[in-house]
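# Analysis of the macromolecular model
The chain contents come next:
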Amino acid sequence: QVQLVESGGGLVQTGGSLRLSCAASGRTFSNYNMGWFRQAPGKEREFVAVISRTDGTTRYVESVKGRFTISRDNAKNTVTLQMNSLKPEDTAVYYCAASGAYGLIVIPQYWTYWGQGTQVTVSS
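Read on for a plain summary of the structure. (Residues numbered from 1 in each chain as written. Predicted model: local features only at pLDDT ≥ 70, side-chain atom pairs only at ≥ 80, totals over all residues. Heavy atoms only, no water.)

## Examining the overall build of the protein chain
Note the cut-off: By the criteria applied, helices consist of DSSP H or I runs no shorter than four residues and strands consist of E runs no shorter than two, each listed in order from the N terminus. To get the radius of gyration, use the C-alpha atoms; to get the globule rule, take the number of residues to the power 0.38 and multiply by 2.2 Å. Note on definitions: a residue-residue contact is assigned when non-hydrogen atoms from the two residues lie within 4.5 Å. Only the protein chains shown count as covering a residue, and every accessible area follows the Shrake-Rupley method with a 1.4 Å probe.
Assigned secondary structure in the protein chain consists of zero helices and eleven strands. Secondary structure elements of the protein chain occur, N-terminal to C-terminal, as β-β-β-β-β-β-β-β-β-β-β. Its C-alpha atoms give the protein chain a radius of gyration of 13 Å, within 12% of the compact-globule value 14 Å for 124 residues. Along the first, second and third principal axes, the C-alpha set of the protein chain runs to 40 × 25 × 25 Å. Here the contacts in the protein chain between residues at least 6 apart in sequence split such that 60% fall between residues at least 24 apart. A total of about 6300 Å² of accessible surface is found on the protein chain, and carbon and sulfur atoms cover 49% of it.

In structure tokens, the structure reads:
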């Protein structure tokens, strides 16, 4: 089992920044690809960003490229999502997730472990 706990959400104005953190415990953190997903009211959960467990390769959904940065610290068992130039459409509950699968899979159903989520609200 891997336990994931997110922090750092909140209310920010358009154009502002937030930094989400996810602390992992349980199994060996470096064995897992780590990702961030989000879910807005009335919408399906969608992929935001992923970082590889092997070489740090990252992948982003098109709508956040150039604004969001995912990073990981295997020594501290943490993954972060730096979010800049936030827009109202970024408003959602953000979830940290872990996957032991090979490849940077973006489909939520293929991710094994999930945090409880943290709310991000961007006001216009």
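## As for the side chain of Glu6
Counted only if it meets this: In this scheme, a residue with accessible area under 20% of its type's maximum is buried, one over 50% is exposed, and one in between is partly exposed, where area comes from a 1.4 Å probe on protein chains only. Note on charges: Lys and Arg go in the positive column, Asp and Glu in the negative column, and His and the chain ends are not counted at all. Salt bridges are defined by distance alone: a side-chain nitrogen of Lys or Arg within 4 Å of a carboxyl oxygen of Asp or Glu. Pairs of N or O atoms are called polar contacts if they sit within 3.5 Å, as long as, within protein, a hydrogen donor faces a hydrogen acceptor (for residues adjacent in sequence, only side-chain-to-side-chain pairs).
Within the secondary structure layout, Glu6 lies in strand E1 (residues 2-7). Of the side chains with opposite charge, Arg45 comes closest to the buried, unpaired Glu6, at an N-O distance of 7.5 Å. Of note is the side chain of Glu6, whose polar atom sits 3.0 Å from the backbone nitrogen of Gln116. Here the side chain of Glu6 touches Gly117 through a polar contact of 2.9 Å, landing on its backbone nitrogen. When sequence neighbours within four positions are dropped, the list of residues in contact with Glu6 reads Ser21, Cys22, Trp36, Tyr94, Tyr95, Cys96, Gly115, Gln116, Gly117 and Thr118.

## A closer look at the pairing of strand E4 (residues 33-39)
Stated precisely, the cut-off is as follows: When DSSP locates at least two bridges between a pair of strands, those strands are taken to pair.
By the criterion of burial, E4 is predominantly enclosed, with six of the seven residues buried. Taken together, the seven bridges between E4 and strand E9 (residues 92-99) define a ladder with antiparallel strand orientation. Bridged to Arg38 within E9 is Tyr94. For E4 and strand E5 (residues 46-51), the ladder comprises five bridges, and the chain directions are antiparallel. Bridging across to E5, Trp36 finds its partner in Ala49. The turn joining E4 and E5, which pair antiparallel and follow one another in sequence, is formed by six residues; a positive phi near 75° is taken by Gly42.

## Examining the pattern of salt bridges
Scanning the entire structure with this criterion turns up four salt bridges. For Arg38, the salt bridge is made with Glu46, and the minimal N-O distance between the two is 2.6 Å. Within this structure, Arg38, Glu46, Arg67 and Asp90 form a network of salt bridges that share partners.

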